[in-house]
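Chain by chain, the residues:
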Amino acid sequence: MIQANNVTLRFGKKALFEEVNIKFTEGNCYGIIGANGAGKSTFLKILSGELEPTQGDISITPGQRLSVLEQDHFKYDDCVVLDTVIMGNQRLYDIMKEKDAIYAKEDFTEEDGIRASELEGEFATMNGWEAESDAATLLNGLNIDTELHYKQMSELSGSEKVKVLLARALFGNPDILLLDEPTNHLDLDAIRWLEEFLINFENTIIVVSHDRYFLNKVCTHTVDIDYAKMQLYAGNYDFWYESSQLMIKQMKEANKKKEEKIKELQDFIQRFSANASKSKQATSRKRALEKIELDTLRPSSRKYPYVDFKPNREIGNEVLTVTNLSKTIDGEKVLDNVSFTVGHDDKIAFVGSYGIAATTLFQILAGEMEPDEGDYKWGITTSQAYFPKDNTKDFDSTDTIVDWLMPYSPEKDATYVRGFLGRMLFSGDDGLKKVNVLSGGEKVRVMLSKMMMLGANTLILDEPTNHLDMESITSVNNGLIKFPGVVLFTSQDHQFIQTIANRIIELTPNGMIDKVSTYDEYLDSDEMARKRQALS
């Protein structure tokens, strides 16, 4: 068990949390939710001991081990992958190293023998003999091939490092597990594996995530951070949402009844306060009026951008034909003879663990890269807007947001652009920020603003939910559901795919699977499972 006791954290005069009292118990998974800046990750740092609260303290059941998902992807670059995972249980790793050092001695003494015996006993108690196989199992579950287990961490790609650090946090059955955005940079297969791992995990889990499906799948409780307070709900994300909306509705209804009663009392007092025969009744109603208090309905700190893609032109029947596209990058054949046709009602999710294939395809379709072989043809009624996975070069500029967006605006007027930005949560002078200093989430909102201004009837989006908070993801999700044009997209957000896509294409190194279905139907189909297995 881990518990926050009267925890307050202040930065200057601003209180991020005030007098938080909350207990996290064994066998439960707690999802921490809240708007960007509410302090979700900061609270995890307080729980882990990385950050000291202004007042209050954190207590952990004596003898329990706490494990944290590391955020520094370069911290273990000098270590072997398998060792990095085992370091998740530092005591076990220290025993292994000390044992190896003792047994390597040429002048092995009696004292060394006694010490080795002690270490062997503790090592056996901690299931040390299974440490390497357990670590390997975790890595394989997260799609880290066995051939990488004995390489240096510095040799791995960024996404591979993320998986190793996640395996490190999960290793050795910790009593308390703290996970900050564990699904970031994971492919969908790895996310599904992690969901099952956490569902079967019997100790305490506290997780911050923007993935609504993931929170619904694994969480038994939800902790909502809003206006420096934390409210605990028994249930997953959807239960929290329904409960919080119900509470607001009930408070509004209760306030409405109170307001009607106040009006009734005020009318009586006004009519009869000067009437001697009714004065006592009027006085009694004044007292009753003074006792009525309306419930305070504070607006949530959550803010939703206005995302609405409106095409300037209706799309025709001929949208896109892709014929035998092939592309090799750095000696690797990323696309191999890819062919498909897009219809005017299609919203296609490109899924699978081979993400570079979809990114390369999108770059070719957007005209940013030439294929080695094959071709593609857009219909004459189509217009395209492209959202790249990596927008670094797009924002390599000292322009302000307003100036950057002006070429794409239907009205070449700064006031119009600033009004548009206001709907995308850039208020006041935010539009005068330089685009090269924007945060990841701000860049995404600016890129989405550009796409909306273009009024295209075909949208190509490569991981549009990266860097966004849950509120912004919800807005983009809803905007694409009601968009009347064609959408080609990738995402690691299960709910995003399930609610938007009506067709699934999986590009693998060994071929392509194309299925007209929802994402859940695709995953659950025995036929699709056999095809995926045959191509793996």
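Keep in mind it's a predicted model, so treat the numbers as computed, not measured.

A. Broad picture of the packing of helix H3 (residues 90-103) against helix H4 (residues 110-125). Remark: H3 packs on H4, axes separated minimally by 10 Å, with the N-to-C direction vectors making an angle of 150 degrees. Overall, the two elements H3 and H4 adopt an arrangement that is roughly antiparallel. The hand of the H3/H4 crossing is left-handed. Here Arg91, Leu92, Ile95, Met96, Glu98, Lys99, Ile102 and Tyr103 of H3 come into contact with H4, specifically with Asp112, Arg115, Ala116, Leu119, Glu120, Glu122 and Phe123. Along the lines of polarity and charge, the residues of the contact of H3 with H4 split into eight nonpolar, no polar and seven charged.

B. Quick look at the layout of surface pockets. Roughly 1500 Å³ of internal volume is contained in the largest pocket. Looking at the largest pocket, it is lined by 48 residues, and the ones nearest its centre are Ser159, Asn184, His185, Leu186 and Gln492. Those elements giving two or more residues to the lining of the largest pocket turn out to be helix H6 (158-170), helix H7 (188-199), strand S12 (347-351), helix H11 (355-365), helix H14 (440-454) and strand S17 (503-508). Of all the elements, H11 adds the most residues to the lining of the largest pocket, at five residues. Residue composition of the lining of the largest pocket, by class: 15 nonpolar, 21 polar and 12 charged.

C. Broad picture of the packing of aromatic side chains. Scanning the entire structure with this criterion turns up 16 aromatic pairs. Consider the rings of Phe489 and Phe496, whose centres lie 5.8 Å apart with planes at 80 degrees: the pair is edge-to-face. One aromatic cluster in this structure is built from Phe17, Phe24, Tyr30 and Phe43. Taking NZ or CZ as reference, Arg423 lies 4.9 Å from the ring centre of Phe420, over its face. In this structure, Arg445 packs its charged tip against the face of Phe426, placed 4.5 Å from the ring centre.

D. Spotlight on the pattern of salt bridges. Using the criterion set out here, one finds 20 salt bridges in the structure. Across the pair Glu70 and Arg168 runs a salt bridge, and its minimum N-O distance is 3.7 Å. With Glu70 in the loop between strand S5 (66-68) and helix H2 (81-86) and Arg168 in helix H6, this residue pair connects regions lying 98 residues apart in the sequence. The exposure class of Arg168 is buried, given its relative accessible area of 10%. Its salt-bridge partner being Asp493, residue Arg212 comes within 3.8 Å of it at the nearest N-O pair. Of this pair, Arg212 sits in helix H8 (residues 212-218) while Asp493 sits in the loop between strand S16 (486-490) and helix H16 (494-500), placing them 281 residues apart in sequence. The buried category is assigned to Arg212, whose relative accessible area is 4%. Because the salt bridges share partners, they merge into one network encompassing Glu70, Lys75 and Arg168.

Parameters at a glance
- The numbering scheme is per chain: residues are counted from 1 as the chain's sequence reads.
- The model is predicted, so local features are restricted to residues of pLDDT at least 70 and side-chain atom pairs to those at 80 or more, both for listing and for counting; the totals for chains, interfaces and linings are taken over all residues.
- By convention in this description, side-chain values take in all heavy atoms of the structure and omit both hydrogens and water.
- Here an axis means a line fitted to C-alpha atoms, over the contact stretch when the element is a helix, while the angle between two N-to-C directions is reported on a 0 to 180 degree scale.
- Secondary structure elements follow DSSP: runs of H or I of four or more residues count as helices, runs of E of two or more count as strands, with numbering from the N terminus.
- Here roughly perpendicular refers to angles of 65 to 115 degrees, roughly parallel to angles under 35, roughly antiparallel to angles over 145, and oblique to all remaining angles.
- By convention the crossing between two helices is left-handed if the near helix lies anticlockwise of the far one by an angle smaller than a right angle, and right-handed if it lies clockwise.
- By definition in these notes, contact holds between two residues if any of their heavy atoms fall within 4.5 Å.
- Polar here means any residue outside two lists: the nonpolar Ala, Val, Leu, Ile, Met, Phe, Trp, Tyr, Cys and Pro, and the charged Asp, Glu, Lys and Arg; Gly therefore counts as polar.
- Both site types are read off a 1 Å grid over the protein atoms alone. A 1.4 Å probe that fits but cannot get out defines a cavity, while an open set with protein on both sides within 12 Å along at least five of seven lines defines a pocket; lining residues have an atom within 4 Å of a point.
- Grid points are joined across faces, edges and corners, and a volume is the space filled by probe spheres set on the points.
- Pairing of aromatic side chains here covers Phe, Tyr and the six-membered ring of Trp, requires ring centres within 6.5 Å, and sorts the geometry by plane angle: under 30 degrees stacked, over 60 edge-to-face, intermediate tilted.
- Look at NZ for Lys and CZ for Arg. If either is within 6 Å of the ring centre and within 35 degrees of the ring normal, a charge sits over the ring.
- One speaks of a salt bridge when a side-chain nitrogen belonging to Lys or Arg is within 4 Å of a carboxyl oxygen belonging to Asp or Glu.
- Type-normalised accessible area, obtained with a 1.4 Å probe on protein chains alone, sets the label of each residue: buried when under 20%, exposed when over 50%, and partly exposed for intermediate values.

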